[in-house]
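One-letter residues, chain by chain:
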Amino acid sequence: MRLLSALLSLMLLGAVISAAAAVAVFNHYNKNLPEYTYLKDYQPPTLSRIYADDGRMMAVVASEQRLFVPIDAIPKKVVDAFLSAEDSEFFQHNGIDYLGILRAALVNLQNVGRERHPMGASTITQQVAKNMLLTNEISISRKIREAILAMKLEKALTKQRILEIYLNEIFLGNRSYGIAAAALNYFNKSLDELTLPEAAYLAALPKAPNNYNPVRDHAAAVARRNWVLGRMAENGRITREEAELAKKEPLETRTRGAKESVTADYFAEEVRRQLVEKFGEELVLEGGLAVKTSLDPRLQAAASKALHDGLIAFDRRNRGWRGPVAHLTDLNDWQKQLKGVPIPPGSDGWQMAIVLTLKPKEVLIGFADDAKGRIPWEEISWARKELANEKFGPAIHKPSDVLNVGDVIMVEPVTLDAKDKPYPERTFTLRQIPTVQGAIVALDPHTGRVFAMNGGFSTKISQFNRATQAMRQPGSSFKPFIYMAGLDKGFTPASLISDSPTDYEQGPGLPLWRPENYGGEDFGPLPLRQGVEKSQNVMTVRLANAIGMPTVVEYAKKFGIADEMPELLSFSLGAKETTPLRMVTAYGMIVNGGKKIVPTLIDRVQDRDGKTIWRADSRICQGCQSEGWTLELRPPDLPDTREQIEDPRTAYQMVNILQGVVKRGTAVRLRDIDFPLAGKTGTTNDSKDAWFIGFTPDLVCGVYVGFDNPVPLGSRETGSSVAIPIFRSFILEAIKDKDPIPFRVPPGLRMVRVNPRTETLAPPSDKEAIWEAFIPGTEPQESQIRPILGEDAGGMLTAPNLPGVEAGTEGNDTGTEALPPAPMPLPGPAPTPAPVPAPATTGTGGLY
């Protein structure tokens, strides 16, 4: 009896000591626990999405790729799958599953020595406590703190809230945080579109997502999914029959197709930069913003292809072959070796191949999947070896002069030869990454909305956006702004300017400067129009000197080409660095009638709740929110708030002149396009930069090509030979299926029929005659003497006494040219004056 009493006493004492110890442990670890009540209103970091103008996804910006879904919107089969896999007693326990702990302990004891992973017993509440409040440290102290926090969370939060946090926070592999992101990344589906076996697969991932990759570890992934289905049947959440049917379903992932998303890496990165600048990095990465942009997917695809093809064509023409990607000396098991060769960055859309056989007129190639193909001589004949200083190796006559058996090369499928005749199937062309770079930008001249932008050959080579970040000299593409300033100062398209060379003083102690025309020719007195069409340097400098460099700088600033510019005469030839986006925007202000525009890539930004927090068009629309509007009512008028920075008459005069650049001047390569087009080429000293900025009445596009480390493109390369082919490729796609409309003529102009070479009144028989735009009172007369902006006896420049132009300080010997009387112009319709449209709130703002 005493022994039994002693045993009971010891047991009671042990219980007391254990309870005291438990309380002591609880009190010890209960101190300094992290704050957890904030989880009541916690909003998890959510990815921000960037959309193209047509609503398709373009890019995701996030620290963690997560889409938040309220618990009420999560389908029951998804919830059931996760509860069966992770915590079948979730709605019964208080945060800790004591039976689960006992069961896990017994299983782990049985598995001692069997090299199996220990079975866990953490509840969903404990996982939330660990993931949200603690670290992943493996220790007893962390598990105790985790258990204490789990019990506290159960008292502070509802079961539904805990489950909502868990399902939106859990990492499920494949860059997916939360079940919504996982459903999209694995199956390209929303949660309500998931099938039962797909939901079970997602529920199989929390423990070790990297071990159940559906492609790399397919068998293990299927087995784990089927285990979840079995657990769902055991728990009564589905029937045995449903589980067996689901297990028979194949596990197949699906990514977004090309038609469901838009690729515009440079555009998307520029949008990201602007978002961070406006809202800060934290909100952009975690705030769940929805960003609607101005990107037109069709124009973006056309721009990217045009630039891509143009850079490749230049590289072939001017730089030659730089050798294979790699060389395999042993062709045994070449397929496996080929798979191990790293793919060069920027070669998207191309394939890696190995040279197997060299024939006199073709190369036989093989691919890693053991497929075969051929490269005909026509697709390899360009590949002379590249040497230094724009030199090429010896001429090549057969494929073996270029390639060797075992060479690993990049190829691309081709279907047509140079004469548009079809090639046989499995025909390829030889490819290499070009060393030259470039940019292309297209925007709406009425609103500034950027439709397309590509800042280089590939972001995988360089994320430097040459459209917005490259400061390069625009060369002759700057000239239209000098001639517009001249028109505002009283010159007319018919004003004569001497094209004869002359010397200019640069300053004390500096030698005289004598600008020259491209090619070294000069043509004597020419009409102002010819100075633009022929891109005459001498005329341009003479005009800039006459109107004064302060005026030239003023125009560069007001059109946004430069914020600051030295008042040096040499800068009149486009020596001040600027970006392609700035130049395209400046040309947009010419074609839109002199209205100020700001280029925009972002139309609207909404927060995670759908509230618009920023929009580019800040105009107030009276009547847009009217509830009683019907189709019979006239749409509300939107105010045109654009600043008028240039006389619309002068702007149209320049548009008209720039049309002549296409029809007769340096852009004559575009003359055969049956659509209203205008533009200007640009080439800098030593041909280091090549430009073309062109436009239709409702679309402006600029192309720039050059090396990042400025070196000459080639002795014969100009904006006409390098940039125009890229523009041409783009514009032909842009105007496809568009009805041509003429350039809009503002009121206050008189259209006169003249000869474009002399700007004299054209007789009825003159087939070259054009309609020239003049300010009333300045048009040519039947008989007149026109002053010439020319030279004095000493060879120094002087300015004529034309309206608005002060005479030069060194004399005013302008020279004159007597013009014979001309017949009256042939009657016929002149371009009809029409107002320039105000910017639209949505869409493209008009035809291209």
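It should be noted that the structure appears before, not after, this text.
Residues numbered from 1 in each chain as written. Predicted model: local features only at pLDDT ≥ 70, side-chain atom pairs only at ≥ 80, totals over all residues. Heavy atoms only, no water.

Undergrad: How would you explain the packing of helix α15 (residues 479–488) against helix α18 (residues 549–558) if you had to name every residue and give the values?
TA: The relative placement of two packed helices comes down to the angle between their axes together with the axis-to-axis distance. The interhelical angle for the contact between α15 and α18, taken along N-to-C directions, is 115°, at an axis separation of 9 Å. Relative to α18, the crossing made by α15 is right-handed. Packed against α15, whose contacting residues are Phe481, Ile482, Met484, Ala485 and Asp488, the element α18 presents Thr551, Val552 and Tyr555 at the interface. Among the residues making up the contact of α15 with α18, the classes are represented as six nonpolar, one polar and one charged. (Axes fitted to C-alpha atoms, helices over the stretch in contact; angles between N-to-C directions. Helix = DSSP H or I, 4+ residues; strand = E, 2+ residues; numbered from the N terminus. Left-handed = near helix turned anticlockwise from the far one by under 90°. Contact = heavy atoms within 4.5 Å. Nonpolar A, V, L, I, M, F, W, Y, C, P; charged D, E, K, R; others polar.)

Undergrad: How would you explain helix α6 (residues 159–169) if you had to name every residue and give the values?
TA: Across the eleven residues that make up α6, a large majority, ten, are buried. For α6, the full list of buried residues reads Lys159, Arg161, Ile162, Leu163, Glu164, Ile165, Tyr166, Leu167, Asn168 and Glu169. (Buried < 20%, exposed > 50% of the residue type's maximum accessible area, 1.4 Å probe, protein only.)

Undergrad: Tell me about the nonpolar core, and please be specific about residues and values.
TA: By size, the foremost hydrophobic cluster in this structure holds 128 residues, and its most contacted members are Phe481, Phe559 and Phe730. When neighbours within four sequence positions are excluded, Phe559 is seen to be in contact with Phe481, Met484, Ala586, Met589, Ile590, Ile645 and Glu646. (Core = buried A, V, L, I, M, F, W, Y, C linked by side-chain atoms within 4.5 Å.)

Undergrad: Help me get a handle on the pattern of salt bridges, residues and values and all.
TA: Summed over all chains, the structure comprises 49 salt bridges. The closest approach of N and O atoms between Arg466 and Asp708, which form a salt bridge, is 2.9 Å. Residue Arg466 is located in the loop between β11 (450–454) and α15, and its partner Asp708 is located in the loop between β18 (699–706) and α21 (719–734); the two are separated by 242 residues in the primary sequence. Its relative accessible area of 1% is what places Arg466 among the buried residues. (Salt bridge = Lys/Arg side-chain N within 4 Å of Asp/Glu carboxyl O.)

Undergrad: Summarise the packing of aromatic side chains; cite the residues concerned and give the values.
TA: The tally for this structure, following the rule as stated, stands at 18 aromatic pairs. Here Phe90 and Phe91 contribute two aromatic rings whose centre-to-centre distance is 5.0 Å and whose plane-to-plane angle is 80°, an arrangement assigned as edge-to-face. Judged by relative accessible area, Phe90 falls into the buried class, the value being 1%. Both rings, one in Trp691 and one in Tyr704, keep their centres 5.3 Å apart while their planes meet at 50°; by these two values the pair is tilted. Of this pair, Trp691 sits in strand β17 (residues 689–696) while Tyr704 sits in strand β18; the two residues are 13 residues apart in sequence, bridging distant segments of the chain. Each of the two residues, Trp691 as well as Tyr704, counts as buried. (Phe/Tyr/Trp six-rings, centres within 6.5 Å; stacked < 30°, edge-to-face > 60°.)

Undergrad: I'd like a rundown of the sheet that holds strand β14 (residues 602–606), residues and numbers included.
TA: Strands in a sheet are paired, the pairing made by backbone hydrogen bonds, and the direction either parallel or antiparallel. A sheet is described by the order of its strands in space; here five strands give the open sequence β2-β1-β3-β14-β15, paired in mixed fashion. Where the open sheet ends on each side, the last strands, each with one partner, are β2 (57–61) and β15 (612–615). Neighbour to neighbour, the strand axes of the sheet diverge by 15° on average, direction disregarded. Note that strand β1 (residues 48–51) and β2 share four bridges and pair antiparallel. By the bridge assignment, Ser48 is partnered in β2 with Val61. Contacts from helix α11 (residues 265–279) reach β1, β2, β3 (290–293), β14 and β15, with the element oriented near 55° to β14. (Pairing = 2+ DSSP bridges.)

Undergrad: Quick one: what's the story with the sheet that holds β18, residue by residue and with numbers?
TA: Here we have five strands laid out as an open sheet, ordered β11-β10-β18-β17-β16, and antiparallel in their pairing. Only two strands of the sheet have a single neighbouring strand rather than two, namely β11 and β16 (678–683). Geometrically, the sheet is characterised by an average inter-axis angle of 5° between neighbouring strands, direction not taken into account. Summarising the sheet, β16 and β17 pair through six bridges and their orientation is antiparallel. Note that in β17 the partner of Gly682 across the bridge is Trp691. On top of the sheet, helix α13 (residues 297–318) reaches β10 (437–443), β11 and β18; it is set at about 30° to β11, its chief contact. Helix α20 (residues 648–663) rests against β16 and β17 of the sheet, and its axis sits at about 65° to β16.

Undergrad: Before we move on, could you go through the side chain of Thr125 and cite the residues and values that matter?
TA: Note that Thr125 resides in helix α4 (residues 124–133). The contacts of Thr125, once residues within four sequence positions are left out, are Phe90, His93, Gly95, Ala150, Leu153, Glu154 and Ile162.

Undergrad: Please set out α4 residue by residue, giving values where relevant.
TA: Most of α4 is tucked away, with eight of its ten residues classed as buried. Of the residues making up α4, those classed as buried are Ile124, Thr125, Gln126, Gln127, Val128, Ala129, Met132 and Leu133.

Undergrad: Quick one: what's the story with the packing of α13 against α21, residue by residue and with numbers?
TA: Running from N to C, α13 and α21 cross one another at 150°; their axes reach a closest spacing of 9 Å. Here α13 lies roughly antiparallel to α21, going by the angle between them. Judged by the sense of rotation from one axis to the other, the crossing of α13 with α21 is right-handed. Contacts between α13 and α21 pair Arg298, Leu299, Ala302, Ala303, Ala306, Leu307, Gly310, Phe314 and Arg317 from the former with Ser721, Val722, Ile726, Ser729, Phe730, Glu733 and Ala734 from the latter. Split by residue class, the contact of α13 with α21 holds ten nonpolar, three polar and three charged. (Parallel < 35°, antiparallel > 145°, perpendicular 65-115°, else oblique.)

Just geometry here; none of it tells us what the structure is for.
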